[in-house]
Every structure is written in C-alpha cells, then in structure tokens.
Amino acid sequence: MNDLSFWVEKNAAFAPSKTAIRFEGEDIDYAGFAETIRGHARALKNVHGVGRGDRVAFLGFNSPSMLALFFACARIGAMFSPLNWRLVAPELAYILGDSAPRVLIADADHADLAREAAASGSAPVVPVEALARDAAAEGGDRDPDAGPETPCLLVYTSGTTGHPKGAVLTQRAIQVTAHNCIHYSGLTDADRVLTVLPMFHVGGLNILTSPAFYVGGTVILHRRFDAAATLRAIVDERPTQLVLVPATIQAVIDLPGWKAADLSSLRLLTTGSSIVPLHLIDAVHARGIPVCQTYGLTETSPVCIYQKPGDGLRKPRSTGKCGLHCEFRIVDDDGNEVADGVSGEILIRGGNVLREYWNNPEETRRALKDGWFHTGDVGWRDEDGDVFVNDRKKDIVISGGENIYPAEIEQLVHPMDDIADVAVVGREDARWGEVPVAVVVPAPGANLEAADLLARLEGRLARFKHPKDVLFLDALPKNAMGKTLKHELRARVNGG
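Parameters and conventions
For every chain, the first residue of its written sequence is number 1, and the numbers climb from 1 along that sequence. Reporting of local features is limited, given that this is a predicted model, to residues whose pLDDT is at least 70; pairs of side-chain atoms are given and counted only at 80 or more, and all residues count toward the totals for whole chains, interfaces and linings. Hydrogens and water molecules were not included; the side-chain quantities draw on all heavy atoms of the structure. The secondary structure listing takes helices from DSSP runs of H or I that are at least 4 residues long and strands from runs of E that are at least 2 residues long, numbered from the N terminus. The globule rule is 2.2 Å times the number of residues to the power 0.38, and the radius of gyration it is compared with is taken over C-alpha atoms. Partly exposed describes any residue whose relative accessible area lies between the buried limit of under 20% and the exposed limit of over 50%, with all areas from a 1.4 Å probe on protein chains only and scaled to the type maximum. Ring pairs are drawn from Phe, Tyr and Trp, using the six-membered ring of Trp, whenever the two centres fall within 6.5 Å, and their geometry is named by plane angle: stacked under 30 degrees, edge-to-face over 60, tilted for the rest. For this analysis, a nonpolar core means a set of buried residues of the types Ala, Val, Leu, Ile, Met, Phe, Trp, Tyr and Cys, connected via side-chain atoms within 4.5 Å. Contact criterion: two residues are considered in contact whenever any of their non-hydrogen atoms come within 4.5 Å of each other. Orientation is described by axes fitted as lines to C-alpha atoms, over the contacting stretch for helices, and by angles from 0 to 180 degrees between their N-to-C directions. For this classification, under 35 degrees means roughly parallel, over 145 means roughly antiparallel, 65 to 115 means roughly perpendicular, and everything else is oblique. Handedness of a helix crossing follows the sense of rotation of the near helix relative to the far helix, less than a right angle counterclockwise being left-handed and clockwise being right-handed. If DSSP finds at least two bridges between two strands, the strands pair. Definition used for salt bridges: Asp or Glu carboxyl oxygen within 4 Å of a side-chain nitrogen of Lys or Arg. Two cysteine sulfur atoms form a disulfide, by the criterion used here, when they sit within 2.5 Å.

Remarks on the overall build of the protein
A count of helical and extended segments in the protein gives 17 helices and 26 strands. Here the protein has a C-alpha radius of gyration of 23 Å; the compact-globule value for 496 residues is 23 Å, and the two agree. Referenced to the eigenvectors of the C-alpha coordinate spread, the extents of the protein come out at roughly 70 × 50 × 45 Å. Per-residue burial for the protein yields a buried fraction of 57% across its 496 residues.

Here it is as structure tokens:
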C-alpha cells in the first residue's frame, strides 16, 4: 500500500472528471482534488518545513482544503491534527502545547481564535488561503518512505474527563477503517455521501467521508451541521448515504418538513457515537430509510462493531457484530472472557486501533495490553454474536453492590412526550455508596413534576434502579458530537 493520497490519485486516473467533492454549489473533480492535494503537500513541505513525523494542526470548519490537508499530510508522512473549533483558547492552547505542531492552519472564521490559542508561540498560524498561494513552491510533494505504518492522524479525545489525550492513528488504521465501512455500508463509486458532522472528529472524517475517496464516490460537504440545510440537501442533492449522531437525527426529524420531504435517494443512514434512543430509529425507519448503528471510539479510528442494512429493524437495540477487519472480547474485571448474556468491558484488537497516546506512555500502557485496546465501555453479546452496549464503565452507578446502567433508565425516560432530554448519573450516598439521579430537560411548555416522572417507572424497572432524585435543567452539557458530558453533571449533583 502506498500513502493514502494514492486513493485520490488512482481514482483521478480512472475518472478525472468525476465529482470528488461538492461544496457550496461548486464541484471539484478528482483531477482537481488530486492537484490540490499535491499543491498543499508542496506548500507544507517546501514553504513551511513540514517533514515526516511533524504535526500539522488545523482549526476551521469543514472544507475541501481541510480534506486536501489530510491527504497532503499522509503524502509527506506528517500527522494531520484537526482541532475542535468549539473549544476556547486555553483548551486549544493545551492541545497545541502537547502536540507541538510545526504549523497551525486556520480558516478565516477562526483566525483570531487560532492566534489567541497559539499566543505562547507554540506554532506559527498560517491562513488556509496561503496554501493555494504556496502550492507552486519548487520541490517535492511527497515522502517516498510514507506508508502503512506511518502515523498520519493525531486526534484528541473529547476530554469528557480531565485533559484530552491525543490518539495516534497510522495510515493502516485509516485504510482498515475504510474497509470496515465498505463492508457494512456497501459503499461504491456510485454513492454520494452527505457529510454534515464536524471532521475534527474521526466520526465525521472516517465514517464514509474518507472511505468515499477510496471507492471513487462523491462527498457532498457542508461547512457545519444545520438541520434545515441537511434536509434541503437530502431533497435537492440526492445523497445516497449520510452519518448523523442521535442529537442531529432529532434536530432533523423535528423539522416541519421532515414527514413530507422526498428522502427516496437515501439508501442508508449511519448513526452511533452514543446509545441511540429507539424512537429515533423508529422515526427514520418510518420514512423507509434503513438505519445502521456503528460502535467505535477515537482510538479505533472509529468503526469496529457495526450493523449491516436490515439489522436495525431486526435488532434495534444492538450495535451489531464485530467488524470484518478487527476482533473483540468482552471480559470481567480480572480479564477473563465472559459468557453470552453477561456484561463486561469491551476490548478491541486490529489494524484500526491507535498506535499510542501522544506523549503519554502511562495512558498508553493502561489502554493497550497485549495488543488489546480497553475501551472502558461495558456491553454484552447474545448467542448470535450481536453486541449490546450498556454504558461507559465509568458511568455505571454501583448502588448497594448492584450495577445500575444509566442508559437503561434513559431509554425508558427519553421517549416520554414531555421530556426533551435526560441523563442519569450517580450521587454519593452514605448508605448505598451511590444512588442514581435523573437530570431532565422538560419539553417546551411541559409542566413536569419529579414525583410524576418517577411514578411512570413503576413496574417498568427494578425498584433498586429507580432514580432517587430528579434535577431539572434547561439543557444538558454536551460536546461537539452530541455526547452528554456526564462528568459535569456528576459534579453538579454532588455539589461541585
């Protein structure tokens, strides 16, 4: 295997005039995209001094230049490090200090934030527009030694606890993930992938988006997620596949035009990132669109367990079977494999798993043992090999020696008509150690009482699992992918 930029080079040779990217009404064909990648590589290598192993940080919205930078970094053996533009300057400064990039590329919308974050001199800030100007620089545009084992992506975890960690993913990891995605989705060169999720996360970048360039498909790219723009694009641009997380599915199906919109071009909707409420799956299936759930983490590039089309109807609570190009185990606290139907920690092994955490050997040793990545997620498998994810290991509430999985309670509460959002976390308790507390966002106009809510769980949930208290908030704290920041809620219910 050559470096990942050859995906685009080879497809440009087969179909130079085919649209690779459609962005804000303009089409970029494969020949043009390949040349942009070469130009970005020349600029990085010959103007900005980027070489093999160097980090190239990027702060900005989704754009063709962002994708070109990703492939250009692979071409010269550098590591692309996309930054979360929702972070504030001190948070970004921590990441820049940790990763020490050779250069920080920023789009016009984030130039001021980039300069503030890099004020300590951690990296020179270069406008993304300058790359086009520097594309004609003399010199080579690739590193001949870049290949499968070369690190090419440095993505910082969402930081739901403590400082974020940088996951180092090799070119092989991206290739293996592409194969897994193709296996579950049937992705081909005839597909038109609608990308609306932020590509600073591996979900936005590597579930369908980058694999589309491997098979020679087309990516319809949005700068950022907007529910109305997403629905319009489905109707007008006729994509065949897209990826949405639960929060963005909810935003789209809440639109007045959802039920009447022409969605006939879609042959598959992929979702995941967090446990998917059943009412969302039902709403999409009701419009005739198959739903595939996937499971993975930043550290697994991300796709490692997934459903195939049809599985969403057959087992809507499952996240599918272990992917074609990786292995999994479910183990107890002593590392012993558990039987079918018994919950334990999910472990993943394969070419898609991170090589290490950047500059963090202690966390690397903790997460990678004998080649197995310890996900920190708890789940179980049934007799068919389908995997069901219970919760994050750290989110389990242990009350009086009993394990209580917050997601089980959340799945019951979330579909209620007067509930907009819910999360369950543990509160310290002198008698039981911990007790579950429901943090609830009422639907607009709802007149909700805690006693009424708790009464609805009678007969539907074992008594020891019932929340012992209800906290009402206007909104739950979430990260960019829509995951609830439970560490913030735990701090709040425990008086922090």
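Brief notes about unusual backbone geometry
A cis geometry characterises the amide bond from serine 301 onward to proline 302, with omega recorded as 10°. With respect to the element layout, proline 302 can be found in the loop between strand E13 (291-296) and strand E14 (303-306). With a phi close to 50°, glutamate 24 is a non-glycine residue in the positive phi region. With respect to the helices, strands and loops of the structure, glutamate 24 is situated in the loop between strand E1 (19-23) and strand E2 (26-29). Of the residues examined, glutamate 24 reaches a relative accessible area of 54% and is grouped as exposed. Positive phi, normally seen in glycine, also occurs at arginine 238, with a value near 55°. With respect to the helices, strands and loops of the structure, arginine 238 is situated in the loop between helix H10 (227-237) and strand E11 (241-243). A relative accessible area of 31% means that arginine 238 is categorised as partly exposed.

Examining the packing of aromatic side chains
The full count for this structure, using the stated rule, is 13 aromatic pairs. Between the aromatic rings of phenylalanine 33 and phenylalanine 71, the centroid separation amounts to 6.1 Å while the plane-to-plane angle is 85°, which identifies the pairing as edge-to-face. Of this pair, phenylalanine 33 sits in helix H2 (residues 30-47) while phenylalanine 71 sits in helix H3 (residues 64-76), and the two are 38 residues apart along the sequence. Per residue, the accessibility class of phenylalanine 33 equals that of phenylalanine 71, and both read buried.

Focus: the nonpolar core
If you look at soluble globular proteins, the nonpolar side chains tend to sit buried side by side. Judged by nonpolar contacts, the single largest core of 80 residues is most densely connected at Phe33, Leu44, Leu153 and Phe213. Top element by residues in this core is H3. It accounts for 10 residues. Those residues in contact with leucine 44 that lie beyond four places of it in its chain are Gly49, Val50, Val56, Leu69, Ala72, Cys73, Ile76, Val103 and Leu131. The next biggest cluster of nonpolar side chains, apart from the first, holds 23 residues, and it includes Val196, Ile249, Trp258 and Leu266.

Some points on the packing of helix H11 (residues 246-253) against helix H12 (residues 278-285)
For any two helices packed against each other, the geometry comes down to the angle between their axes and how far apart the axes lie. Interhelical geometry of H11 versus H12 gives an angle of 50° and a closest axis separation of 10 Å. Relative to H12, the element H11 is oriented oblique. Our pair here, H11 against H12, has a crossing hand that is left-handed. Counting all contacts with H11, which are made through Pro246, Ile249, Gln250 and Ile253, the residues of H12 involved are His279, Leu280, Ala283 and Val284.

So, the side chain of threonine 170
Within the secondary structure, threonine 170 sits in strand E8 (residues 166-170). We classify threonine 170 as buried; its relative accessible area is 7%. In contact with threonine 170, other than residues within four places in its own chain, are Pro148, Glu149, Thr150, Pro151, Cys152 and Arg355.

Quick notes on the sheet that holds E2
Reading across from one edge, E2-E1-E10-E9-E11-E12-E13-E14-E15 is the order of the nine strands in this open sheet, with mixed pairing throughout. On the outer flanks of this sheet lie E2 and strand E15 (321-322), each paired with one strand and no other. Relative to E13, strand E12 (residues 268-271) runs parallel, the two sharing three bridges. The partner of leucine 269 across the bridge, within E13, is valine 291. On top of the sheet, helix H7 (residues 171-185) reaches E11, E12, E13 and E14; it is set at about 20° to E14, its chief contact.

Quick word on the pairing of strand E21 (residues 387-392)
For a regular strand, side chains alternate in direction, first toward one face of the sheet and then toward the other. Here strand E20 (residues 372-381) pairs with E21 via five bridges, running antiparallel. Looking across to E21, one finds that glycine 379 is bridged to valine 389. In sequence, E20 turns back onto E21 through a hairpin of five residues, with glycine 385 there showing a positive phi of about 90°.

A word on the pattern of salt bridges
One pass over the full model with this rule turns up 39 salt bridges. A salt bridge links arginine 38 to glutamate 9; its shortest N-O distance comes to 2.8 Å. Here arginine 38, found in helix H2, pairs with glutamate 9, found in helix H1 (residues 5-14); they are 29 residues apart in sequence, far enough to count as distant. A network of salt bridges, in which partner residues are shared, links Asp311, Arg314, Lys315, Lys321, Asp382, Asp384 and Asp386.

Some thoughts on the sheet that holds strand E25 (residues 433-442)
Backbone-to-backbone hydrogen bonds join strands into a sheet, with any given pair of strands oriented parallel or antiparallel. Pairing is mixed across the open sheet formed by three strands, whose spatial order is E24-E25-E26. Sheet topology places strand E24 (419-429) and strand E26 (469-472) at the edges, where each strand pairs with a single neighbour. Ignoring strand direction, the axes of neighbouring strands in this sheet form an average angle of 30°. Pairing between E25 and E26: four bridges, direction parallel. For valine 440, the partnering residue across the bridge sits in E26 and is phenylalanine 472. Against the sheet, helix H15 (residues 406-413) engages E24 and E25, with an angle of about 150° to E24. Lying over the sheet, helix H17 (residues 486-493) contacts E24, E25 and E26, oriented at roughly 60° with respect to E24.

Digging into the environment of arginine 490
In this structure, arginine 490 sits in helix H17. Along the primary structure arginine 490 and histidine 285 are separated by 205 residues, whereas in three dimensions their C-alpha atoms are 34 Å apart. Beyond its immediate chain neighbours, meaning those up to four positions away, arginine 490 contacts Lys394, Asp395, Val425 and Gly426.

Points about the state of the cysteines
Within the structure shown, the criterion is met by zero disulfides. Among the cysteines around cysteine 292, which has no disulfide bond, cysteine 181 carries the closest sulfur, lying 11 Å off. Among the residues examined, cysteine 292 registers a relative accessible area of 0% and is labelled buried. Here cysteine 326 is not cross-linked by a disulfide; its sulfur's nearest cysteine counterpart is in cysteine 322, at 4.2 Å.

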